[in-house]
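Each chain, letter by letter, is given below.
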Amino acid sequence: MNVQVLHDSEWSGVFYITGGGSLLLSDMLKVPGASQTVLDAQVPYSTEALTQLLGGSTESYCSKEAACALAMQAFNASISLRSSDKNFGFACTASLRSNEPKKGAHRAHIALQTSDTTAYWFIEFEKGELSREDEERKLGDFLMQSLGQGLSLYSDSSLVPDDSINVGTELASLINGRISHLNRRARVFLPGAFNPLHEGHKSMRSYVEEMLGEPVQYELSVQNVDKPPLDFIEMQRRMHQFSEDSLVLTNCPRFVEKAETLSDGGRGCTFVVGLDTFERIVSSRYYAGSLALRDEAIQKLRSVNTQFIVFGRLRNGNYRTLADVNIPDALRDFCRVVTEEEFRMDISSTQLRNFGKV
């Protein structure tokens, strides 16, 4: 695709390129009109830079998941810089030829995020066939053509994405922050990343429904303070684990935002959490290191009549409950503890992923 076609279009976006593919940026910036297209471009090469940019760590930085998460972060950044119906985020994470032979394949994962679409491409190079310079040139051309294909500025049947999803207006509005939640049908919620949903989640939900005599919905936020944001492909994968009525989607990474959004008028709302999740609420790390900001958040939770049901967790061979955690009295007052004798199930999504049971 001719670069000028992109610059002459209404599209503008943010680019995150790592491990290879920076020739795309050079190709675009040397053609007049780049300032209309490129809102920002970054090359986060170190692990620390990538982790910071993603908002959390990921299991592999050269992967489909990382590329799609980077594209979503780039899209969010583009919205904050110049919001329109023609924003995009474009990302590439690559592993190309280097001085030391690579154990894995020479490859690149590429993703495009718009307001209603996530698209993903994969390209692999034969080891030893091309120099690093030639791999870079070939990747730069592939990136430009894929971007044009994804934005409907260029058409080539060989560039059809390896995976893509187009979503409806409501889900797009949730991602864009125009609405804060979808499908709220209860006042008791079990938040989580659900990667994957497992028997521990299901048993906790059933236990609380029987205890309270009312329904409990799972809550999945498209934004997270500890993890990369969810793109549409990943979101759809996780949503498929649930029945339609059992899941509420939010754009609320923090519990204060969840409570304010999901509170049922004067009745407030209740969150079902494990101890590990609950400890994040009281950690100053999540409030820029400020105990004053943490205490302010606790008061906001109280003001909208928030309750917590807290389950214990196994950590380093010891089972811990809320009694083992030092928390402010103002927060302890609206917590209900589930003891080890009442309920215990030692299972986690991380363990399941590590054991390859996803």
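Everything below is about the structure printed above this text.
Figured I'd write up the structure that's included with this text.

**Some remarks on the packing of aromatic side chains**
Within the structure shown, the criterion is met by 15 aromatic pairs. With centroids separated by 6.1 Å and ring planes inclined at 75°, the aromatic side chains of F15 and F90 adopt a geometry described as edge-to-face. Remark: F90 occurs in strand β3 (residues 87-95) and F15 occurs in strand β1 (residues 12-18); sequence separation between them is 75 residues. Since its relative accessible area comes to 0%, F15 is described here as buried. Since its relative accessible area comes to 0%, F90 is described here as buried. Pairing F271 with F308 gives two aromatic rings, centres 5.9 Å apart and planes at 35°, and the pair type is tilted. Residue F271 is found in strand β11 (residues 269-274), and its partner F308 is found in strand β12 (residues 306-311); the two are separated by 37 residues along the sequence.

**Quick notes on the side chain of D231**
Looking at the secondary structure, you find D231 in the loop between β9 (217-221) and α9 (232-239). There is no salt bridge for the buried D231, and the closest opposite charge comes from K64, which lies 7.4 Å off by N-O distance. In this structure the side chain of D231 is engaged in a polar contact, spanning 2.9 Å, whose partner is the backbone nitrogen of I233. In this structure the side chain of D231 is engaged in a polar contact, spanning 3.0 Å, whose partner is the backbone nitrogen of E234. Every residue in contact with D231, bar those within four places of it in the chain, is listed here: C68, A69, M72, Q113 and T118.

**Things to note about unusual backbone geometry**
The linkage connecting N195 with the following residue, P196, adopts the cis geometry, with an omega of 10°. Along the chain, P196 falls in the loop between β8 (188-191) and α8 (199-212). A positive phi is found at F194, a non-glycine position, where the angle reads about 55°. You will see that N316, though not glycine, has its phi angle at about 55°, which is positive. Position of N316 among the secondary structure elements: in the loop between β13 (313-315) and β14 (318-320). For N316, a relative accessible area of 76% gives the class exposed.

**Topic: the sheet that holds β8**
Spatially, the seven strands line up as an open sheet ordered β7-β10-β9-β8-β11-β12-β15, and their pairing is mixed. Strands at the two margins of the open sheet, each flanked by one partner only, are β7 (181-182) and β15 (335-338). Its contacts with the sheet place helix α10 (residues 255-262) against β7, β8, β9, β10 (247-250), β11 and β12, and it is angled at close to 145° to β11.

**Topic: the layout of surface pockets**
Here the second largest pocket is characterised by a volume of approximately 200 Å³. If you trace the second largest pocket, you find it lined by E170, L182, N183, Q236, M239, H240, F242, S243, E244, L247, V248 and L249. If you list the elements that add at least two residues to the lining of the second largest pocket, you get α9 and β10. Of the residues forming the lining of the second largest pocket, the biggest block, three residues, is contributed by β10.

Conventions adopted
- Residues numbered from 1 in each chain as written.
- Predicted model: local features only at pLDDT ≥ 70, side-chain atom pairs only at ≥ 80, totals over all residues.
- Heavy atoms only, no water.
- Phe/Tyr/Trp six-rings, centres within 6.5 Å; stacked < 30°, edge-to-face > 60°.
- Helix = DSSP H or I, 4+ residues; strand = E, 2+ residues; numbered from the N terminus.
- Buried < 20%, exposed > 50% of the residue type's maximum accessible area, 1.4 Å probe, protein only.
- Lys, Arg positive; Asp, Glu negative; His and termini not counted.
- Salt bridge = Lys/Arg side-chain N within 4 Å of Asp/Glu carboxyl O.
- Polar contact = N/O pair within 3.5 Å; in protein donor to acceptor, adjacent residues only side chain to side chain.
- Contact = heavy atoms within 4.5 Å.
- Pairing = 2+ DSSP bridges.
- Axes fitted to C-alpha atoms, helices over the stretch in contact; angles between N-to-C directions.
- 1 Å grid on protein atoms, 1.4 Å probe; cavity = no way out; pocket = protein on both sides within 12 Å on 5 of 7 lines; lining within 4 Å.
- Points joined across faces, edges and corners; volume = space filled by probe spheres on them.

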